[in-house]
Amino acid sequence: MSGAEFIFPLTQIQPDDLALAGGKGCALARLRSEGFRVPATIIITTGAYQHFVDANGLRSKIHLELNRKAFSDIRWEEIWDAALRIRSMFITHPMPPDLDRQQQQILQRRFGEQATVI
């Protein structure tokens, strides 16, 4: 997926761009469009998530965690454990180089030396 744009400033996101920006990105875009003051923000797209998952071969592992049994048969402790295992997958796998490069560039361009990722 090299060459794809995965990160956008909030100003380029529309409130109905759910497939691109996800729920939180759209909510921020909606607030901004309705006149609320929203801090300078970048949106890491759903495509960035898909790229990360595919580049690290996580799709089948996540699918396995989410489909161990029927959801109605899962206790909350099992859901919690699955969420922790999935979280661990994301923490322990590297950012694809093209996505990392794009993130560093936009952070530097938008925020300069004050770039902080939360």
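Scroll up for the structure.
Here the residue index of a chain counts from 1 through its sequence in written order. Predicted model: local features are reported for residues with pLDDT of at least 70 only, side-chain atom pairs are reported and counted for 80 or more only, and whole-chain, interface and lining totals are derived from all residues. Side-chain numbers here rest on the full set of heavy atoms in the structure, without hydrogens or water.

Asker: Teacher, can you tell me more about helix H1 (residues 18–33) here?
Answerer: Each α-helix winds once per 3.6 residues, and so residues spaced three or four apart point in a common direction. Comment: elements are numbered from the N terminus, with helices defined as DSSP H or I runs of at least four residues and strands as E runs of at least two. Given the number of residues in a helix, its expected span is that number minus one, multiplied by 1.5 Å. Between its first and last C-alpha atoms H1 spans 15 Å; for 16 residues at 1.5 Å apiece the expected length is 22 Å, and the helix comes up short by more than 12%. Residues are treated as being in contact if the distance between any of their heavy atoms lies within 4.5 Å. Elements in contact with the buried residues of H1: strand E2 (42–44) and helix H2 (46–55).

Asker: How should I be thinking about helix H4 (residues 76–92) in this particular structure?
Answerer: Along its 17 residues, H4 runs 24 Å from first to last C-alpha, staying within 8% of the 24 Å computed at 1.5 Å per residue. Residues of H4 that are buried include every one of Ala-82, Ile-86 and Met-89, and no others. Along H4, the residues classed as buried sweep out an arc of 50° about the axis, all on the same side. Exposed side of H4, more than 90 degrees from the buried face: Trp-76, Trp-80, Arg-87, Ile-91 and Thr-92 are the residues found there. Packing partners of the buried residues in H4 comprise helix H3 (59–66). A 1.4 Å probe rolled over the protein chains alone gives each residue an accessible area, and that area as a share of the maximum for its type sets the label: buried under 20%, exposed over 50%, partly exposed in between. The directions from the helix axis to the C-beta atoms are what the arc is built from.

Asker: What's the story with the layout of surface pockets in this structure? I'm lost.
Answerer: Unfilled space is identified by rolling a water-sized probe across the atoms. Here a cavity means grid points, on a 1 Å grid over the protein atoms only, where a 1.4 Å probe fits yet cannot get out; a pocket means an open set of points with protein on both sides within 12 Å along at least five of seven lines; lining residues are those with an atom within 4 Å of a point. Grid points are joined across faces, edges and corners, and a volume is the space filled by probe spheres set on the points. Quantified by volume, the second largest pocket comes out at close to 210 Å³. As for the second largest pocket, its lining consists of 13 residues, and the residues nearest its centre are Glu-65, Ile-74, Glu-78, Ile-79 and Ala-82. At the level of elements, H3 and H4 are the ones that each hand at least two residues to the lining of the second largest pocket. With 7 residues, the single largest contributor to the lining of the second largest pocket is H4. The classification used treats Ala, Val, Leu, Ile, Met, Phe, Trp, Tyr, Cys and Pro as nonpolar, Asp, Glu, Lys and Arg as charged, and all other residues, Gly among them, as polar. Residues belonging to the lining of the second largest pocket are distributed by class as follows: 7 nonpolar, no polar and 6 charged.

Asker: Would you take a moment to explain the packing of aromatic side chains for this structure?
Answerer: Aromatic rings in a pair are described by how distant their centres are and how their planes are angled relative to each other. Stacked, tilted and edge-to-face pairs are distinguished by plane angle, under 30 degrees for stacked and over 60 for edge-to-face with tilted covering the rest, among Phe, Tyr and Trp rings (Trp via its six-membered ring) whose centres lie within 6.5 Å. In the structure shown here, the tally under the stated rule is 2 aromatic pairs. Geometrically, the ring pair formed by Tyr-49 and Phe-90 is stacked, given 5.8 Å between the ring centres and 15° between the ring planes. Taken together, the residues Tyr-49 in helix H2 and Phe-90 in helix H4 connect sequence positions 41 residues apart. Here Phe-52 and Phe-90 contribute two aromatic rings whose centre-to-centre distance is 5.3 Å and whose plane-to-plane angle is 10°, an arrangement assigned as stacked. In this pair, Phe-52 sits in helix H2 while Phe-90 sits in helix H4, placing the two residues 38 residues apart along the sequence. By relative accessible area, which is 27% here, Phe-90 ends up partly exposed. Joined through ring pairs, the aromatic side chains of Tyr-49, Phe-52 and Phe-90 make up one cluster.

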